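# Structural features, examined
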Amino acid sequence: MAKEFPLVSIKVEPVSTKFRKLSGSIPNDETIKQIEELREAEPLSMRGQPPVIWDRAHGVNVYDAYGNMWLDFSSGVLVANAGHGAKKIADAIINQASKPLLHTYCFPNQPRIKLTQKLVSLAPERLNKVFILSTGAESTECALKLMRTYGRKHGTDDKSIIVSFENAFHGRTLGAQQMGGSSDGKAWIKNLDPEIVHVPLPDGFRCEDTGFELFEKTLARLGVEADNVAGVIGETYQGVGPNFMPKQYAKDLRKWCCKHGALLCFDEVQAGFGRCGTMWGFELYDVVPDLFCIGKGVSSSLPISGVIGNEDVMDLFGPNEMTSTHSGNPICCAAALASIEVIEQEKLVENAAKVGLVLQKHLQLIKNEFSDVIGFAPGAGLVAGLLMVKKGSKEPDYELAWNVINLCFQKGLLMFAPVGVGGGCVKIAPPLCISEEAVMEGCEVIREAVEEAV
Ligand SMILES: Cc1ncc(COP(=O)(O)O)c(C=O)c1O
């Protein structure tokens, strides 16, 4: 079980910079009391993040109610791409709510009309339809259903195998979790779907064989007939790293899917909306999928997700056969439209590419300085990870990752709890509006924390 961050007051070294302000005890007695009340009424699973009650968040900063301010390297959980609390997004939410129009089920509403058009205009040309949902897991479940339905419609009844990747994460519902590639979260599922199979992700670190033959060899070993594959789903980068596939591998995968009539789906729930320094993460590979899932950064705020694909795929179900109660909620759509507008007008994709270079450079310097305990520091744009390992090995060091995050928290740099294989990854993902100056300050805090923790 993952560790909790202790509810113990720690007298912190006072910090006062442009981006961080801390003083007194963190958490203070009032925070401890309130979190204890929350814990009484919530499942254990909701614990696990550093103990700050978010009072407000703006730009790249998160504030508590006691004058403390953290520099945020989490974007919540890679949601606040346009920055926290962007005024345009908040105004769009307020305007839509005060019309009032809060809910329309599947009856059309103006923000949904505009958002679907906008998303289709941003997607690669032949992907011309979008189905709006609420959560990332819903979008990957939907992709699973579409890939299988398409496979069996255009192939034999056996064309329903879904290929996913080891260590993948696609959400925590039944189908999404089975497509996920870590055994940890699946213990609750007794009858795992035998037609969902996993192949290694050639990240170049834990899987050093980066050739595409490994994909074919693994399917052969698993007894999978290539023509029975309905679809391949992969996170554009695996959240647990972030781990990317080599560009040539992605191109070969695209060719393989075309050859075998399998749909290629990228899960862009994390990678989309500028995170990697490109609007879509798959642009890094020069590959266009048949469908892709979006979520998180689409609105930088309210829950909204979706699946984007070609009409051959998206129109498999008839009227009222593929819907959800909150599909295209007007307020969520208004928030998403405003967020995309901020991302475009403030050139945040370009900023992610430019400032991302500074982030990646500084993290490589930290990795080089502590190379015996940081095994790998992958990243692109404004997403990165430091994979902490037991000295001189590739074995994940969860304790060290946790300590680094905890020390950073006490120094005014906010990151969520460790993720990844064995919990060894310190994940870094600031809002895309961050400046070079703030990135450099955050990296210096990480460097100090690693130095103190080893
Ligand atoms: C790549 C990816 N897909 C799907 C999901 C699930 O999204 P949600 O938590 O909104 O269901 C996540 C969440 O972290 C994700 O990172």
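Quick note: structure is the one above.
My aim in this report is to walk through the structure given alongside it, one point at a time. (Residues numbered from 1 in each chain as written. Predicted model: local features only at pLDDT ≥ 70, side-chain atom pairs only at ≥ 80, totals over all residues.)

What follows deals with the site of the ligand. Surrounding the ligand, one finds 13 residues, the nearest of these being Thr 135, Gly 136, Ala 137, Gly 171 and Val 269. A total of three residues in the shell around the ligand trace back to one element, the largest contributor, which is helix α5 (residues 136–154). Of the residues belonging to the shell around the ligand, the class tally is three nonpolar, eight polar and two charged. (Near = placed C-beta within 6 Å. Helix = DSSP H or I, 4+ residues; strand = E, 2+ residues; numbered from the N terminus. Nonpolar A, V, L, I, M, F, W, Y, C, P; charged D, E, K, R; others polar.)

Here we take up helix α11 (residues 348–369). Along its 22 residues, α11 runs 31 Å from first to last C-alpha, staying within 8% of the 32 Å computed at 1.5 Å per residue. Bending of α11 peaks at approximately 30° at the position of Gly 356. Buried residues of α11: Leu 348, Val 349, Asn 351, Ala 352, Val 355, Gly 356, Leu 359, Gln 360, His 362 and Leu 363, and no others. In this structure, the buried side of α11 is in contact with α10 (330–345), β18 (379–380), β19 (383–388) and α13 (436–453). (Expected span 1.5 Å × (residues − 1). Bend = angle between axes of the 7 residues up to and from the residue. Buried ≥ 20, exposed ≤ 12 C-beta atoms within 10 Å, placed from the backbone. Contact = placed C-beta atoms within 7 Å.)

In this section: the nonpolar core. The biggest cluster of nonpolar side chains holds 137 residues, and the ones touching the most others in it are Ala 143, Leu 263, Cys 265, Met 388 and Val 404. Here this core takes eleven residues from α10, the largest share from any one element. The residue makeup of this core includes at least three contributed by each of domain 1 (10–82 + 348–453) and domain 2 (87–345). Once you skip the residues sitting within four places of it in the chain, Cys 265 turns out to touch Ala 143, Met 147, Gly 231, Val 232, Ile 233, Pro 289, Asp 290, Leu 291, Phe 292 and Cys 293. (Core = buried A, V, L, I, M, F, W, Y, C linked by C-beta atoms within 7 Å. Domains from an automatic or database assignment.)

Here we come to helix α12 (residues 398–410). For α12, which comprises 13 residues, the first-to-last C-alpha distance of 18 Å matches the rise-based estimate of 18 Å (1.5 Å per residue) to within 8%. Looking only at α12, the buried set comprises Tyr 398, Leu 400, Ala 401, Trp 402, Val 404, Ile 405, Cys 408 and Phe 409. Buried-residue contacts for α12 involve β19, β20 (413–414), β21 (425–428) and α13. In the stretch just after α12, Gly 412 is the one whose phi turns positive, near 95°.

Taken together, seven strands build an open sheet; the order of strands is β8-β16-β15-β14-β11-β9-β10 and the sheet is mixed. Edge positions in the sheet fall to β8 (129–133) and β10 (196–199), since each of these pairs with one other strand and no more. Averaged over all neighbouring strand pairs, the angle between strand axes comes to 20°, with direction disregarded. Taken together, the four bridges between strand β9 (residues 161–165) and β10 define a ladder with parallel strand orientation. Each residue of the ladder has a partner; that of Ile 162, found in β10, is Ile 196. This element, α5, spans β8, β9, β11 (229–235), β14 (263–267), β15 (291–294) and β16 (305–309) of the sheet and lies at about 30° to β16. Against the sheet, helix α8 (residues 247–259) makes contact with β11 and β14, and its axis sits at roughly 140° relative to β14, the strand it touches most. (Pairing = 2+ DSSP bridges. Axes fitted to C-alpha atoms, helices over the stretch in contact; angles between N-to-C directions.)

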